[in-house]
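The lines below spell out each chain.
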Amino acid sequence: MSAAFVHGVGTSRFGRQPGVGAPALVQQAVTEALDDAGVGDVRELDAVFAGTVFGAPGTAQRALQLLGITGVPILTFENACATSSTALHEARHAVLSGRFRRVLCLGVETMTLHFSGPITPEETDVEGRAGLALPGVYAMVASRYEHLYGLEPKALAAVSVKNRRHGALNPRAQHGAEVTAEEVLASRMVADPLTLLQCCDISDAATAAVIGGERGVGRDVRIAASALRSGELWDHRSTQPWGYELMARVAGDAWQEAGIGPEDVDLFEVHDAFTIGEITATEALGIAEPGGGCDLVLSGHTALGGRQPVNPSGGLLSRGHPLGATGLAQVAEAVWQVRGEAGARQVEGARVAAVETMGGGTAGIDGNGCVVVVLGG
């Protein structure tokens, strides 16, 4: 194939849904994606590339058999928060190579089966064994950023306010209420300087996308580029906050393959698990210069109605963060935006969207993995 396209996307609702198991969530997402892609017979699927972080072995197979999707290769990926965007990246290359003609990508996570609050640190990881959870990691990102460039609390709050305002326009989002900067900064401190309303919530959800070759169908969205790398050794050689250099390397790969730069992108869906994560992502992607991410959000550049909206879906801060499903949730939003189907949060004239998903949590490297996908054009 000369190009790969997203033929259809679908998601379940997002939220803490302890009474809803993975099969029901998968049915919601996959049924919508197949209908959206015009797939009338599941035998048209050549393979399934699934992703889950905390799901039990066989999670995808147990859910998919109820939809009649059996007998095809089903591959399951795990790459922390970048799990389902990794599945899409690999599915795209499987289509481009001619290995498969049409692949169903799936992400699913039932977080409330495992956690009631923050994700428990991994005891086999040296930092996790010491009790360093991801809120602490991102708090140290904020501390390093402040040391390098300065960091005003109002800039962190502005990310939360913006994304909650966007999320209020998204009927699928877990949190639909707007917040003020004062409420954000007054909420309970989690890991200084990050307060509760600057941290994403755990969520139960499934997401899906159908990937294939060119069909000449106007609603198909071209995957102009996708790039994936794991983190490199994290030591004294880097002066940047954790994760920055990994995101920048992957973004550079994606811009080179797509033949465009960040200035050519109409909207971004980035990994805002914590407010500081959006600020560093906008800089690593090249939307702002290093140290310029705070001014970018405060200026309105990244809000709906601004020059380049970031997280028009509401991001992880509003939508919630079902780890294995998050990447494809970002892709679904990007597809809806490029098609002009995003409703009240539609970015006017959107033709090109970019998705950045950052997976972290392993000691010694600056991230488990990062994926950047460019769609449209």
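The protein goes by propanoyl-CoA C-acyltransferase in an unreviewed UniProt entry, where it is assigned to Prauserella flavalba.

Draft legend 1. Fine view of helix 1 (residues 22-37). Spanning 16 residues, helix 1 covers 22 Å between terminal C-alpha atoms, matching the ideal 22 Å at 1.5 Å per step. Where helix 1 is concerned, the buried positions are A22, L25, V26, A29, V30, A33, L34, D36 and A37. For helix 1, the angular spread of the buried residues around the axis is 160 degrees, confining them to a single face. On the buried face of helix 1, the contacting elements are strand 1 (5-11), helix 2 (59-64), strand 4 (102-110), strand 7 (204-212) and helix 12 (323-339). Remark: G38 follows helix 1 within two positions and exhibits a positive phi of approximately 75 degrees.

Draft legend 2. Local environment of the packing of helix 6 (residues 153-167) against helix 9 (residues 275-284). Where helix 6 contacts helix 9, the axes come no closer than 8 Å and their chain directions differ by 95 degrees. Here helix 9 runs roughly perpendicular to helix 6, going by the angle between their axes. On the side of helix 6, the interface is formed by A155, L156, V159, S160, K162 and N163, while helix 9 contributes T275, I276, E278 and I279. By residue class, the composition of the contact of helix 6 with helix 9 is five nonpolar, three polar and two charged.

Draft legend 3. Representation of the pairing of strand 7 within the structure. The element strand 7 is largely enclosed, with a buried count of nine among its nine residues. By the bridge criterion, six bridges tie strand 1 to strand 7 in an arrangement that is antiparallel. Opposite F5, over in strand 7, you have G212 as the bridge partner. As defined by bridge partners, strand 4 adjoins strand 7 across nine bridges and the pair is classed as antiparallel. Counted as the bridge partner of V108 is A206 from strand 7.

Draft legend 4. Region of the structure containing the UniProt feature "domain: Thiolase C-terminal" (unreviewed entry) in the protein. Mapped onto this numbering, the UniProt entry annotates "domain: Thiolase C-terminal" (unreviewed entry) at residues 244-361. Along residues 244-361 the backbone is 45% helical and 9% strand, and the end-to-end C-alpha distance reaches 14 Å.

Draft legend 5. Highlighting the environment of L64. Relative to the helices and strands, L64 is located in helix 2. Along the chain, L64 and K162 lie 98 residues apart, while their C-alpha atoms are 37 Å from each other. Apart from the residues lying within four places of it in its own chain, the contact partners of L64 are V26, V30, V48, I69, I74, L104 and L106.

Definitions and cut-offs
Residues numbered from 1 in each chain as written. Predicted model: local features only at pLDDT ≥ 70, side-chain atom pairs only at ≥ 80, totals over all residues. Heavy atoms only, no water. Helix = DSSP H or I, 4+ residues; strand = E, 2+ residues; numbered from the N terminus. Expected span 1.5 Å × (residues − 1). Buried < 20%, exposed > 50% of the residue type's maximum accessible area, 1.4 Å probe, protein only. Arc of directions from axis to C-beta. Contact = heavy atoms within 4.5 Å. Axes fitted to C-alpha atoms, helices over the stretch in contact; angles between N-to-C directions. Parallel < 35°, antiparallel > 145°, perpendicular 65-115°, else oblique. Nonpolar A, V, L, I, M, F, W, Y, C, P; charged D, E, K, R; others polar. Pairing = 2+ DSSP bridges. UniProt positions renumbered as here; feature names shortened; annotations may be inferred.

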